[in-house]
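Chains, contacts and geometry: an overview
Spelled out from the first residue to the last, the chains are:
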Amino acid sequence: MDILFQVSGDVVEREELLNGTQTVAIEGSSEDGAWALTGTVAWNLGLRDFAGEGDLTLAREDGSEIFATLTNASVQESADDGAGGHMLRLVFEIDGGSGQYEGTHGGIDASGMLTDGSFRLNLAIRGVPPAPA
């Protein structure tokens, strides 16, 4: 079963290396507040689908967590955004979790927009059961 939701928040740190590699740290939450997200994503626009490095932690309000590692990233500069925006398509492999999600495996697909100071992602968590209500 897939778990689908949107998450938005802030870019809390940004670093650009001389070789063009960019790394951002993000923190945010789902619209209903049920999930909190922290993560990092690195990319280089000179290389196609360069995954670089990245990780993601999703924490539910009940304390359960899902941990994932970036396996593929497609990052493109947004043609219609004057604020230095990037369109993101990210694929993460779930490494495990805690609480309800202990021992979980699967994947997370994320797509959305990143600007200099904020982000918005649509997440699809694949292969994990939803937490009980």
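The structure reproduced in this document is the subject of the present report. (Residues numbered from 1 in each chain as written. Predicted model: local features only at pLDDT ≥ 70, side-chain atom pairs only at ≥ 80, totals over all residues. Heavy atoms only, no water.)

**Considering the overall build of the protein chain**
Scanning the protein chain for helices and strands turns up zero helices and eight strands. For the protein chain, the α and β elements follow one another from N to C terminus as β-β-β-β-β-β-β-β. Summarising the internal contacts of the protein chain: among those between residues at least 6 apart in sequence, 47% fall at separations of at least 24. Accessible area of the protein chain: about 7000 Å², with a carbon and sulfur share of 48%. (Helix = DSSP H or I, 4+ residues; strand = E, 2+ residues; numbered from the N terminus. Contact = heavy atoms within 4.5 Å. Areas by Shrake-Rupley, 256 points an atom, 1.4 Å probe, with all protein chains shown as cover.)

**Quick look at the pairing of strand 5 (residues 65-77)**
As defined by bridge partners, strand 4 (residues 54-60) adjoins strand 5 across five bridges and the pair is classed as antiparallel. When the sheet's bridge partners are listed, L58 is paired in strand 5 with I66. Counting the residues that bridge the hairpin from strand 4 to strand 5 gives four residues, and of these G63 lies at a positive phi of roughly 95°. Pairing analysis gives 12 bridges linking strand 5 to strand 6 (residues 86-98), with the strands arranged antiparallel. If you follow I66 over to strand 6, its bridge partner there is G97. (Pairing = 2+ DSSP bridges.)

**Notes on the pattern of salt bridges**
Inspection of the entire model under this criterion finds four salt bridges. Between R60 and D62 there is a salt bridge, and its shortest N-O distance comes to 3.8 Å. The class for R60 is buried, based on a relative accessible area of 17%. Two residues, R126 and D109, come together in a salt bridge whose shortest N-O distance is 2.9 Å. (Salt bridge = Lys/Arg side-chain N within 4 Å of Asp/Glu carboxyl O. Buried < 20%, exposed > 50% of the residue type's maximum accessible area, 1.4 Å probe, protein only.)

**Quick notes on the sheet that holds strand 5**
As summarised here, the arrangement of the eight strands in space is 1-2-3-4-5-6-7-8, forming a closed barrel in which the pairing is antiparallel. On average, each strand axis in the sheet is tilted by 30° relative to the strand beside it, whichever way the strands run. (Axes fitted to C-alpha atoms, helices over the stretch in contact; angles between N-to-C directions.)

**Looking at the environment of T38**
Tracing the backbone shows T38 in strand 3 (residues 35-44). Relative accessible area serves as the criterion here: at 36%, T38 is assigned to the partly exposed category. Residues T38 and V12, 26 residues apart in the sequence, show an inter-C-alpha distance of 9.8 Å.

**Some remarks on the nonpolar core**
Among the nonpolar cores identified, the biggest contains 31 residues, and L58, I66, I108, L123 and I125 are the most heavily contacted of them. At the level of elements, strand 1 (3-16), strand 2 (21-30), strand 3, strand 4, strand 5, strand 6, strand 7 (106-114) and strand 8 (118-126) are the ones that each hand at least two residues to this core. Among the elements that line this core, the one with the most residues is strand 5, at five residues. Discounting residues that sit within four places of it in the chain, L123 has contacts with I3, L4, F5, V7, L37, L58, I108, D109 and A110. (Core = buried A, V, L, I, M, F, W, Y, C linked by side-chain atoms within 4.5 Å.)

**A closer look at the environment of L88**
Position of L88 among the secondary structure elements: in strand 6. With sequence-adjacent residues up to four places away left out, L88 is seen in contact with S74, V75, A110, S111, G112, L114 and L121.

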